Amino acid sequence: DTAVSQTPKYLVTQMGNDKSIKCEQNLGHDTMYWYKQDSKKFLKIMFSYNNKELIINETVPNRFSPKSPDKAHLNLHINSLELGDSAVYFCASSQDITGPQYFGPGTRLTVL
Amino acid sequence: QKEVEQDPGPLSVPEGAIVSLNCTYSNSAFQYFMWYRQYSRKGPELLMYTYSSGNKEDGRFTAQVDKSSKYISLFIRDSQPSDSATYLCAMKGGYQKVTFGTGTKLQVIP
């Protein structure tokens, strides 16, 4: 199946822990994104990579660090998790930086 | 004022009705306009992608963009219970990031 995939789908963890979310796309796209969707369903961009290069870095705590080992993968590492980090995190990709974005299924993060 | 305004609903319609979903925006640099459908606990799914003003039709869906009024619409004809979801408008200008509306929750009642 051609798609954007994310792992894990659910992540439940304690405050202060470090966790990672992985994203892979097999659409052959050049650009990948991380979004955070809060409890009110508002989608907010966090990061964007184009050809493994960081091009968008919104006002996000530096506890969040994206890594793009290649064009098809964009991972998100979160250090010292806080209660306010609880949300659904979506990965997305687009052909290039102007094209429409295709989203993954999301990772529901719950910090206890 | 938010860059993109979208009525959160919920909007309830009977099956078979024509649904009209709308967004207004303030940034005149926006050139690309999108509509996404998001089912509960799923990722947003791209429905329509349009550039500049005009209409685009795909099956039961029609997207309209009026750049002079800074207003975009999504029409759903012959609405079905399976159309029940949250609909997100999104827009961007050139190499800018995408700005999303807050979404309109639609319920189609059988």
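The structure we're discussing is the one just above.
How each quantity is defined
Residues numbered from 1 in each chain as written. Chains lettered and ligands numbered in written order. Predicted model: local features only at pLDDT ≥ 70, side-chain atom pairs only at ≥ 80, totals over all residues. Heavy atoms only, no water. Helix = DSSP H or I, 4+ residues; strand = E, 2+ residues; numbered from the N terminus. Rg over C-alpha atoms; globule rule 2.2 N^0.38 Å. Buried < 20%, exposed > 50% of the residue type's maximum accessible area, 1.4 Å probe, protein only. Contact = heavy atoms within 4.5 Å. Areas by Shrake-Rupley, 256 points an atom, 1.4 Å probe, with all protein chains shown as cover. Lys, Arg positive; Asp, Glu negative; His and termini not counted. Charge placed at Lys NZ, Arg CZ, Asp CG, Glu CD. Phe/Tyr/Trp six-rings, centres within 6.5 Å; stacked < 30°, edge-to-face > 60°. Salt bridge = Lys/Arg side-chain N within 4 Å of Asp/Glu carboxyl O. Pairing = 2+ DSSP bridges. Axes fitted to C-alpha atoms, helices over the stretch in contact; angles between N-to-C directions.

Details of the overall build of chain B
Piece 1. Each helix and strand in chain B was counted, giving 0 helices and 11 strands.
Piece 2. What you see in chain B, going N to C, is helices and strands ordered as β-β-β-β-β-β-β-β-β-β-β.
Piece 3. Relative to the globule expectation of 13 Å for 110 residues, the C-alpha radius of gyration of chain B, 13 Å, shows essentially globular dimensions.
Piece 4. Over its C-alpha atoms, taken along the principal directions, chain B stretches across nearly 40 × 25 × 20 Å.
Piece 5. For chain B, with 110 residues in total, the buried portion stands at 45%.
Piece 6. The contacts in chain B between residues at least 6 apart in sequence include a share of 54% that link residues at least 24 apart.
Piece 7. Total accessible area on chain B stands at roughly 5,300 Å², and carbon and sulfur atoms take up 48% of it.
Piece 8. Within chain B, the 10 negative side-chain charges are centred at a point lying 8 Å from the centre of the 12 positive side-chain charges.

What about the packing of aromatic side chains?
Piece 1. On inspection of all chains with the given rule, the structure shows 12 aromatic pairs over all chains.
Piece 2. Ring centres of tyrosine 35 of chain A and phenylalanine 100 of chain B lie 5.5 Å apart, and the angle between their planes is 90°; on these two criteria the pair is classed as edge-to-face. Remark: phenylalanine 100 of chain B occurs in strand β10 (residues 99–100) and tyrosine 35 of chain A occurs in strand β4 (residues 31–37); the pair is interchain, linking two chains.
Piece 3. On the accessibility criterion, tyrosine 35 of chain A (0% relative accessible area) is buried.

Side note on the pattern of salt bridges
All names here are of chain A.
Piece 1. Considering all chains together, one arrives at 7 salt bridges over all chains under this definition.
Piece 2. The residue lysine 71 makes a salt bridge to aspartate 30 at a minimum N-O spacing of 2.7 Å. Taken together, the positions of lysine 71 in the loop between β7 (64–70) and β8 (73–78) and aspartate 30 in the loop between β3 (19–25) and β4 put the pair 41 residues apart, joining distant regions of the chain.
Piece 3. Take aspartate 30: its relative accessible area is 21%, and that puts it in the partly exposed class.
Piece 4. Arginine 63 is the partner of glutamate 82 in a salt bridge, and the nearest nitrogen-oxygen pair spans 3.5 Å. With glutamate 82 in the loop between β8 and β9 (87–94) and arginine 63 in the loop between β6 (53–57) and β7, this residue pair connects regions lying 19 residues apart in the sequence.
Piece 5. A residue is classified by how much of its surface remains accessible, and glutamate 82, at 41% relative accessible area, is partly exposed.
Piece 6. Since its relative accessible area comes to 13%, arginine 63 is described here as buried.
Piece 7. It is possible to trace a salt-bridge network through shared partners that takes in Arg63, Glu82 and Asp85.

Considerations on the pairing of strand β8 (residues 71–76) of chain B
All names here are of chain B.
Piece 1. The pairing of strand β3 (residues 19–25) with β8 spans 6 bridges and is classified as antiparallel. Following the sheet pairing, threonine 24 is matched in β8 by tyrosine 71.
Piece 2. When strand β7 (residues 61–66) meets β8, the two strands line up antiparallel, connected through 6 bridges. Residue pairing across strands places phenylalanine 61 opposite isoleucine 76, the latter belonging to β8.
Piece 3. Hairpin connection of β7 to β8: 4 residues between the antiparallel strands, including lysine 70 at a positive phi of 55°.

Concerning the sheet that holds strand β1 (residues 4–7) of chain A
Residues and elements named next belong to chain A.
Piece 1. Ordered by their spatial adjacency, 4 strands build an open sheet running β1-β3-β8-β7, and the pairing between neighbours is antiparallel. With partners counted over all chains shown, the strands left at the sheet margins are β1 and β7, one partner each. Within the sheet, the average angular offset between the axes of one strand and its neighbour, ignoring direction, is 20°.
Piece 2. Across 4 bridges, β1 lies against β3 in antiparallel orientation. Its bridge partner being in β3, valine 4 is matched across the sheet by glutamine 25.

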